[in-house]
Amino acid sequence: YRFGGSALLAACVSATAQAQEEDALSGSASFNSDSFFGVNPFVSIAYDTGGLDLTFYGIFWGAGTGQDWGNWTEYGVGVGFDALDGDLYINPQLGFTSGNLLSSGTAQEGVVGDGWVPNLTMTYDTDDWEGQIYGGWYLPLQDTAPEGGSTLEYIHYWANGGKKFGKY
């Protein structure tokens, strides 16, 4: 009986702690698409530590007009925080890629640690307006290019915004 009571108490404490942790954890999954990168599933997770968010993301890059690259992945970690009384969310992150785009310009087989991606996302969100600015610098981490070939680096960025006309 004591063991059963202790197990029940431990389960209740664990459930309470888990419920509190669940409030601090948020995440999203989306399927993005454009003519160059094709369809690219994107997953993000944030854990609120009480002041800063610890953020993680993962992207599976696929076809589109850049399909000669084959498939490659990008994953990263960073911190996120609110500014402007919570209307602006700033999230610097450091990502890493696996594949063959940056390390060999697609000339060799894919490698883990193909490149690294310092990046910054700023999201503005009020009752009436919303917008986002993103910038990422894709840099090779290895050089596996054949003789006469080269590694690649590029800057990927976007900006969007708009007026909200409804609650949805």
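One can find the structure itself at the top, above this paragraph.
Here the structure is a predicted model, which means the values were calculated and not measured.

Asker: Is there a simple way to think about the overall build of the protein chain in this case?
Answerer: From N to C terminus, the protein chain includes 2 helices and 8 strands. N-terminal to C-terminal, the α/β element order of the protein chain is α-β-β-β-β-β-α-β-β-β. Scored against the burial criterion, the 168 residues of the protein chain give a buried share of 27%. Contacts in the protein chain between residues far apart in sequence, at least 24 positions, make up 43% of those at least 6 positions apart. When the accessible area of the protein chain is evaluated, it comes to approximately 10800 Å², of which 60% is carbon and sulfur surface.

Asker: Help me understand the nonpolar core, please; the structure alone is not making it clear to me.
Answerer: Across soluble globular proteins, nonpolar side chains have a tendency to be buried as a group. If you look at the biggest cluster of nonpolar residues, it comprises 10 residues: Phe37, Tyr57, Ile59, Trp61, Trp72, Leu101, Leu102, Val117, Tyr134 and Tyr138. Counting residues per element, the ones that place at least two in this core are strand S3 (53–61), helix H2 (101–104) and strand S7 (129–140). Filtering out sequence-adjacent residues up to four positions away, Trp72 remains in contact with Phe37, Ile59, Phe60, Trp61, Thr97, Ser98, Gly99, Leu101, Tyr138 and Tyr154.

Asker: I tried to follow the pattern of salt bridges on my own but got confused; where do I start?
Answerer: Applying the stated criterion to the full structure yields 2 salt bridges. Across the salt bridge formed by Lys164 and Asp125, the nearest N and O atoms sit 2.4 Å from each other. You can see Lys164 sitting in the segment after strand S8 (154–163) and its partner Asp125 sitting in strand S6 (residues 111–125), a full 39 residues away along the chain. Take Asp125: its relative accessible area is 40%, and that puts it in the partly exposed class.

Asker: So what exactly am I meant to see when it comes to the packing of aromatic side chains here?
Answerer: Given two aromatic rings, their pairing is described by the distance between the two centres and the angle made by the two planes. For the coordinates displayed, the defined rule picks out 5 aromatic pairs. Ring geometry for Trp61 against Trp72: centres 5.6 Å apart, planes inclined by 25°, an arrangement best described as stacked. Here Trp61 is found in strand S3, whereas its partner Trp72 is found in strand S4 (residues 72–83), with 11 residues between them in sequence. You'll find Trp61 and Trp72 in the same group, each marked buried. With a centroid separation of 4.7 Å and an interplanar angle of 5°, the aromatic rings of Tyr138 and Tyr154 are classed as stacked.

Asker: Is there a simple way to explain a nonpolar patch on the surface in this structure?
Answerer: Taken together, the side chains of Leu25, Val43, Ile45, Tyr47, Leu52, Leu54, Phe56, Val77, Val79 and Phe81 present a nonpolar region at the surface, about 760 Å² in accessible area. Counting residues per element, the ones that place at least two in the nonpolar patch are strand S2 (38–48), S3 and S4.

Asker: I'm lost on the pairing of S6 in this one. Help?
Answerer: Residues in a regular strand project their side chains so that they alternate between the two faces of the sheet. Across 12 bridges, the pairing between strand S5 (residues 88–99) and S6 is antiparallel. Within the sheet, the bridge partner assigned to Tyr89 lies in S6 and is Thr123. Pairing analysis gives 9 bridges linking S6 to S7, with the strands arranged antiparallel. What sits directly across from Gly115, in S7, is Pro140. Where S6 folds back on S7, the antiparallel hairpin that results is connected by 3 residues.

Thresholds, definitions, all that
- Residues numbered from 1 in each chain as written.
- Predicted model: local features only at pLDDT ≥ 70, side-chain atom pairs only at ≥ 80, totals over all residues.
- Heavy atoms only, no water.
- Helix = DSSP H or I, 4+ residues; strand = E, 2+ residues; numbered from the N terminus.
- Buried < 20%, exposed > 50% of the residue type's maximum accessible area, 1.4 Å probe, protein only.
- Contact = heavy atoms within 4.5 Å.
- Areas by Shrake-Rupley, 256 points an atom, 1.4 Å probe, with all protein chains shown as cover.
- Core = buried A, V, L, I, M, F, W, Y, C linked by side-chain atoms within 4.5 Å.
- Salt bridge = Lys/Arg side-chain N within 4 Å of Asp/Glu carboxyl O.
- Phe/Tyr/Trp six-rings, centres within 6.5 Å; stacked < 30°, edge-to-face > 60°.
- Patch = residues over 30% accessible without salt bridge, like charges linked within 9 Å, V, L, I, M, F, W, Y side chains within 5 Å.
- Pairing = 2+ DSSP bridges.

Take it as geometry only, folks, not as evidence of what the structure does.
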